[in-house]
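# Working through the structure, step by step
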Amino acid sequence: MSAQSATLKSKEELIEKWSKPEVISGSEMLLRSLLLEGVDCVFGYPGGAVLYIYDAMYGFEDFNHLLTRHEQGAIHAADGYARSTGKVGVCIATSGPGATNLVTGIATAYMDSVPLVVITGNVATGLIGTDAFQEADIVGITMPITKHSYMVRDAKELPRVIHEAFHIANTGRKGPVLIDIPKDVSAAKALFQPVTEVNLRGYHPTVNPNRNQVDKMIRAIEKAERPVLLVGGGAIYSGAHEELHEFVTKTQIPVTTTLLGLGALPTGHELHMGFPGMHGTWTANTAIQNADLLINIGARFDDRVTGKLQGFAPNAKVVHIDIDPAEIGKNVPTDIPIVGDVKTVLQLANTLAKRADQADAWRAQIQEWKASKPFKFQDSDTELKPQWVVSLIHETTNGDAIVTTDVGQHQMWAAQYYPFNKPRSLVTSGGLGTMGFGFPSAIGAQMGNPDRTVVSINGDGGMQMCAQELAICAIHNIPVKVVILNNQVLGMVRQWQELIYDNRYSHIDLAGSPDFVKLGEAYGVKSFRATNKEEAREVWEAALRHPGPALVEFVVRKGENVYPMVPQGSTIDQMLMGDSE
Amino acid sequence: MNTKHTIAILVNDQPGVLQRVSGLFGRRGFNIESITVGASEEPGLSRMVIVTTGDDHTLEQIQKQLYKIIDVIKVIDIGSSPMVGRELGLIKVNAEPSARPEILGVVETFRAAVVDIGPNSLIVQVVGDSDKIDAMIELMKPYGIRELSRTGVTAMIRGAR
């Protein structure tokens, strides 16, 4: 108790120290403002235009900065930190190439509504527009992929801009906000006065729903014979998992959660049908297609979920709950729109909701489907199957790890064979589908969750897009467990070329990749390889026991496909079942 | 059904705000027939008027997407109310001295104005709704239009609102 109050006091002292109004440089204002926003870790990479900012960090012990080996690693790490903690992720890069190296990461965060504050340096204001060394119009370049952006032209504006940026990033529909700071602005001295209020005339997200609309939804539930809840990332981002659980318990409506919604409701819940869409469960897809009421809770009807839009949920009355009004009716015509924060909407709905009484036969039908059509694969005693490896990871981490994935087949297997029980446990690039995201995002997730096991599941392709960040894990002893499911091929592209392009395998062979064990060891990360089940279990358990970072390469079967699969352009009940047929 | 819509957008007078708005139209495949920007009644705010074509679904998406821009304060679908829409056109037309009386006759009928007279050309200024400008252009064509410049429509809802 006394220790705790001592820390609290010191925190207060720190805040007092940081908020002290005094004449300081723009760079110091930036650092102090970040600290006052509660930032405990920044990922970044220095360069010419941010030299003043990095100079201000020198000897500033309160400020924690992690030097990545590439700006892309920095922003994906900030993203993993944000997704796994719910706090705003922060990264810093210099002007020009430093800033443009962030673009993929900004787009990744934008597509999945992840709160980031991205700080870039720029050339001095007098040089802007002259094609100066390392000049890039990063505000212009990123306009379509940021929620908002600032070019700061006066150091006095910095405290306000930073406070606004954090507010915008982490309220409403969350997203990345970019702050571009010219070099002379980070150098200039001005009186620092912390800003705690936000006055943005053009920004008022609708949090509280229209009561009439919620009533309409409740009446629709009472009448529905075949209701389905489609739950997306919005439920997790608004922190609504408990409200969702209560809503499901009260209404007894079967649930499917999108890839980004996994963990919003424990996957083992008896009403959980798994995730829908291109590689989702037979039950979830079939239920959506047969539903007479589809309640979308914080999902955006992405094409990987809906398949062919004409013919999606053809018989369903559609309710759509979303904080972003522009999502409602964008892809799927909506009968009952509810604009509001998912948590707030569900809190209200929970005071009114009753059991969907007309849906008993439907619930029985769903249980029958779930029992007869689970995810299935043909196991092997001679080759390692990637699905088996994911199951092994699940079993040995008690289903309690934070799992980050890259993009491709392994991503789908992770979603299929690692049943998530808690929100913010799956960190994956759903919207943009960014290869290279999986491993660096795990570094951020571990920084934000020092007490949890963080497993990063990657393919042999994506791992090579950001492998350089192994250095960070080794240097700072960040105990991420890096899994590489090595099938020596770009597996998802191979699968499409096999099934849709008549086995014309074009430029997918990754033979000649480095020896991943040697690669890991070269960076100082304990590394293992497994080629059969016995080795797999042994080395994986050793990796988990190892107190620092570890890398495990699982050599898995090359020709394995992800099933079920809804071919692009088909409705989601047109599933290829593959092995599981 | 695709129809013409006139939208007024009140925006913060910030660097890049035109790019934010026009970029949104571009990347989401919304059409811009004309765009005008200028000061509004309130210091610090500008008013844009955009004429676009699209069906009702597109119009709804345009308005919702515009509201997501932090610098956008208000979006008004002017076309859904009785409105005044005005455009200005400058037409430089061939006009040998012998042809001038005829042209001046047209100009007078349209309540347009001649704002410059050259040795063998005139600049005609015409103000009105887009149809009127179109009609004026048609009438000037036989003389030979050398240069044409239109401002695009600016507009307001009629009455007290």
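Residues numbered from 1 in each chain as written. Chains lettered and ligands numbered in written order. Predicted model: local features only at pLDDT ≥ 70, side-chain atom pairs only at ≥ 80, totals over all residues.

### Notes on the overall build of chain A
Here is the rule we go by: Every helix listed is a DSSP run of H or I at least four residues long, and every strand listed is a run of E at least two residues long, numbered separately from the N terminus. Each radius of gyration is computed over the set of C-alpha atoms, and the globule rule expresses the reference value as 2.2 Å times the number of residues to the power 0.38. Residues with at least 20 neighbouring C-beta atoms inside 10 Å of their own are called buried, those with 12 or fewer are called exposed, and the rest are partly exposed, where every C-beta is derived from the backbone.
For chain A, the count of helices and strands is 23 helices and 19 strands. On C-alpha atoms alone, chain A measures out to a radius of gyration of 24 Å, which is about the 25 Å that the 2.2 N^0.38 rule sets for 581 residues. Out of the 581 residues belonging to chain A, those deemed buried represent 54%.

### What about the pairing of strand β16 (residues 454–459) of chain A?
Residues and elements named next belong to chain A. Using the following cut-off: In this analysis, strands are considered paired if DSSP registers two or more bridges between them.
Among the 6 residues in β16, 6 count as buried, and that is most of the element. Of the two faces of β16, the one carrying Val 454, Ser 456 and Asn 458 and the one carrying Val 455, Ile 457 and Gly 459 are both buried. Note: strand β14 (residues 402–405) against β16, 4 bridges, orientation parallel. Counted as the bridge partner of Thr 404 is Ser 456 from β16. Bridge count between β16 and strand β17 (residues 481–486): 5 bridges; the pairing is parallel.

### Observations regarding the packing of helix α12 (residues 241–251) of chain A against helix α15 (residues 342–352) of chain A
Residue and element names in this part refer to chain A. Keep this limit in mind: Each axis is a line fitted through C-alpha atoms, taken for helices only over the stretch in contact, and angles between the N-to-C directions span 0 to 180 degrees. Each crossing gets its hand from how the near helix is turned against the far one by less than a right angle, where anticlockwise is left-handed and clockwise is right-handed. We call two residues in contact whenever the C-beta atoms placed from their backbones are within 7 Å.
Contact pair α12 / α15: the axes reach a minimum separation of 9 Å and the direction vectors enclose 35°. The interaxial crossing formed by α12 with α15 has left-handed handedness. Mapping the contact onto sequence places Glu 243, Leu 244, Glu 246, Phe 247 and Lys 250 in α12 and Lys 343, Leu 346, Gln 347, Ala 349 and Asn 350 in α15.

### Observations concerning the domain arrangement of chain B
Where interface size is quoted, it is often the accessible area lost as the parts come together. Residue and element names in this part refer to chain B. The condition is simple: Each domain's limits were defined by an automated method or a database of domain assignments. Residue polarity is assigned by list, with Asp, Glu, Lys and Arg as charged and Ala, Val, Leu, Ile, Met, Phe, Trp, Tyr, Cys and Pro as nonpolar; anything else, Gly included, falls into the polar class.
Here the domain parsing of chain B yields domain 1 (3–80) and domain 2 (84–157). For domain 1 versus domain 2, the separation of C-alpha centres amounts to 28 Å. Tallying the contact residues gives 8 residues for domain 1 and 7 residues for domain 2. Elements with a minimum of two residues in the side of domain 1 that touches domain 2: β1 (3–12), β2 (34–39) and β3 (45–54). Element by element, the count of residues in the side of domain 1 that touches domain 2 is highest for β2, at 3 residues. Split by residue class, the side of domain 1 that touches domain 2 holds 5 nonpolar, 3 polar and no charged.

### Points about the sheet that holds β17 of chain A
Residues and elements named next belong to chain A. Taken in spatial order, the 6 strands of this open sheet run β15-β14-β16-β17-β19-β18, and their pairing is parallel. Lying at the two open borders of the sheet, with one neighbouring strand each, are β15 (426–427) and β18 (526–530). Across the face of the sheet, helix α23 (residues 533–545) comes into contact with β17, β18 and β19 (550–555) while running at roughly 165° to β18.

### So, the interface of chain A and chain B
Between chain A and chain B, the contact holds 15 residues from the first and 16 residues from the second. Its residues assigned to classes, the side of chain A that touches chain B comprises 9 nonpolar, 4 polar and 2 charged.

### Things to note about the UniProt feature "domain: ACT" (unreviewed entry) in chain B
Cut-off, in case you're wondering: UniProt positions are given in the numbering used here, feature names are shortened, and annotations may be inferred rather than shown by experiment.
What UniProt calls "domain: ACT" (unreviewed entry) maps, in this numbering, to residues 6–80 of chain B. Helix and strand shares over residues 6–80 of chain B are 31% and 39% respectively, and the end C-alpha atoms of the span are 8 Å apart.

### Regarding unusual backbone geometry
Residue and element names in this part refer to chain A. A cis geometry characterises the amide bond from Tyr 563 onward to Pro 564, with omega recorded as -5°. Secondary-structure assignment places Pro 564 in the segment after β19. In the Ramachandran plot, Gln 488 falls in the positive-phi region, its phi being about 60° despite a non-glycine side chain. The residue Gln 488 is located in the loop between β17 and α21 (491–499) in this model. Note on Gln 488: 16 C-beta atoms within 10 Å, which makes it partly exposed.

### A short note on helix α2 (residues 26–36) of chain A
All names here are of chain A. The buried count for α2 comes to 10 of 11 residues, which makes it a mostly enclosed element. Taken together, the buried positions of α2 are occupied by Gly 26, Ser 27, Glu 28, Met 29, Leu 30, Leu 31, Arg 32, Ser 33, Leu 34 and Leu 35. Backbone geometry just downstream of α2 places Gly 38 in the positive-phi region, at approximately 90°.

### Observations concerning the pairing of β2 of chain B
Residue and element names in this part refer to chain B. With 6 bridges joining them, β2 and β3 adopt antiparallel strand pairing. The residue bridging Ser 34 from the neighbouring strand is Val 51, located in β3. Hairpin connection, β2 to β3: the antiparallel pair is bridged by 5 residues, and Gly 44 has positive phi, about 90°.

### Details of the environment of Asp 509 of chain A
Relative to the helices and strands, Asp 509 of chain A is located in the loop between α21 and α22 (516–523). By the C-beta count within 10 Å, which is 13 here, Asp 509 of chain A ends up partly exposed.

### A few points about the domain arrangement of chain A
Residues and elements named next belong to chain A. When cut into domains, chain A gives domain 1 (14–191), domain 2 (211–372) and domain 3 (386–562). Look at where the C-alpha atoms of domain 1 and domain 2 centre, and you get two points 37 Å apart. Of the residues belonging to the side of domain 1 that touches domain 2, the class tally is no nonpolar, 3 polar and 3 charged.

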